[in-house]
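# Residue-level structural notes
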Amino acid sequence: MIKINSLKKQFPLKKNWFGNVINWVNALNSISIDFPTNKITGIVGESGCGKSTLARVLCGIYKPDEGSFSWNEFSSDKMKKSMWKNYRRNVQMVFQDPYSSLNPRMRILDILREPLVIHKLIQSNIFKKIKKDNTKVNSEYEDKILQTINDVGLSGETLNKYPHEFSGGQRQRIAIARALILNPDVVIFDEAVSALDVSIQAQILNLIIDLQKKLNMTCLFIAHDLSVVSYVSEAIAVMYGGKIVEFNTTDKIFFSPRHPYTKLLLDSIPRAGIKNTAKNTIVDSTLFLNREGCPFYHRCSEKISKCEKNYPERTSFDEGYFYECFNPLSVEEIKKE
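Conventions and cut-offs
Residues numbered from 1 in each chain as written. Predicted model: local features only at pLDDT ≥ 70, side-chain atom pairs only at ≥ 80, totals over all residues. Heavy atoms only, no water. Pairing = 2+ DSSP bridges. Helix = DSSP H or I, 4+ residues; strand = E, 2+ residues; numbered from the N terminus. 1 Å grid on protein atoms, 1.4 Å probe; cavity = no way out; pocket = protein on both sides within 12 Å on 5 of 7 lines; lining within 4 Å. Points joined across faces, edges and corners; volume = space filled by probe spheres on them. Nonpolar A, V, L, I, M, F, W, Y, C, P; charged D, E, K, R; others polar. Axes fitted to C-alpha atoms, helices over the stretch in contact; angles between N-to-C directions. Parallel < 35°, antiparallel > 145°, perpendicular 65-115°, else oblique. Left-handed = near helix turned anticlockwise from the far one by under 90°. Contact = heavy atoms within 4.5 Å.

### Thoughts on the pairing of strand S2 (residues 21-35)
In this sheet, S2 lies alongside strand S1 (residues 2-15) in antiparallel orientation, the contact comprising 10 bridges. Bridging from a neighbouring strand, Pro-12 pairs with Trp-24 of S2. Remark: 5 residues form the turn of the hairpin made by S1 and S2, two consecutive strands paired antiparallel; Gly-19 in that turn has positive phi of roughly 85 degrees.

In structure tokens:
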């Protein structure tokens, strides 16, 4: 299980003449959550809510300012430099834009072989020796590379081509193959389908579902589209202002949402023949600054006076699910259930 404890990440926004930070953005504002294992968990929210920052912190790209996260025997506050490499091998990430995340000067064969070299699953001198050969793969790892590229729906003929020779959907499949080549236990998909056509999105989503069942991985699927996340995820975490404001099963999120922001996201989903009922969707420019109170206060239709200066305590229920809101009606509904 991926356990996150009071995780905080800030980015400086404004400095004074002396170079001291006088204002900053709370990209992650004391997040605590336990993600289930061997399942696909969705993370949704508007742009700038902290989804990608959370993914980069969990992958070790960003260092948290406060708090910690752990997975199995690894804990970010106790890991030494030598342990991070082993951690990154088991926690891989698929980025939003496959073209910018794939080296345009490397063949697909080299792109898939490179992680094996970095993590010393194949000797670097062997890598240099066979790099000049455009037709052969090292026999010891040939089956692994061919199996991985076949798992994502591509043939072995693609190994000697370059990223620019493929479509967006094919490049995303290659990016997924690169993440899977090390047999990771956790894969984080950061907006993995947002740049693709709708028909290609469906193919990649089905691919992710099939791979998760086949390899029994733990997946975090990040997106801003609730309808896309609901297709692949068994549970959904809703982020806003650097906080996870609600975490529940997919069915509960869609049919009995607790937090007003979750309700706003649901109302914002386009539906054929139905007029959008979402109101007050203009984001306040000071929304994610370091300040007290609920970050959703200025947009909330159910706010009360204490929301302005106080952040609501977490209301938890079965299996680690929760929401964070002062709304008394939600509390009464849970008691009735």
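Moving on from the coordinates now.
### A few points about empty space enclosed by the protein
According to the stated counting rule, one finds 2 cavities of 30 Å³ or more in the structure shown. Taken together, 14 residues make up the lining of the largest cavity; nearest its centre are Cys-294, Cys-300, Cys-307, Cys-325 and Phe-326. Split by residue class, the lining of the largest cavity holds 9 nonpolar, 2 polar and 3 charged. A volume near 30 Å³ is recorded for the second largest cavity. Mapped by element, the contributors of at least two residues to the lining of the second largest cavity are S2 and strand S10 (243-249). Per-element tally for the lining of the second largest cavity: the top contributor is S2, with 4 residues.

### Here we look at the packing of helix H7 (residues 168-180) against helix H8 (residues 198-215)
Interhelical geometry of H7 versus H8 gives an angle of 20 degrees and a closest axis separation of 10 Å. Classed by the angle they form, the pair H7 and H8 counts as roughly parallel. Handedness of the crossing formed by H7 with H8: right-handed. Taken together, the residues of H8 that come into contact with H7 (itself represented by Gly-169, Gln-172, Arg-173, Ile-176 and Leu-180) are Ile-200, Gln-203, Ile-204, Leu-207, Ile-208, Leu-211 and Leu-215. Class assignment of the residues belonging to the contact of H7 with H8 gives a composition of 8 nonpolar, 3 polar and 1 charged.

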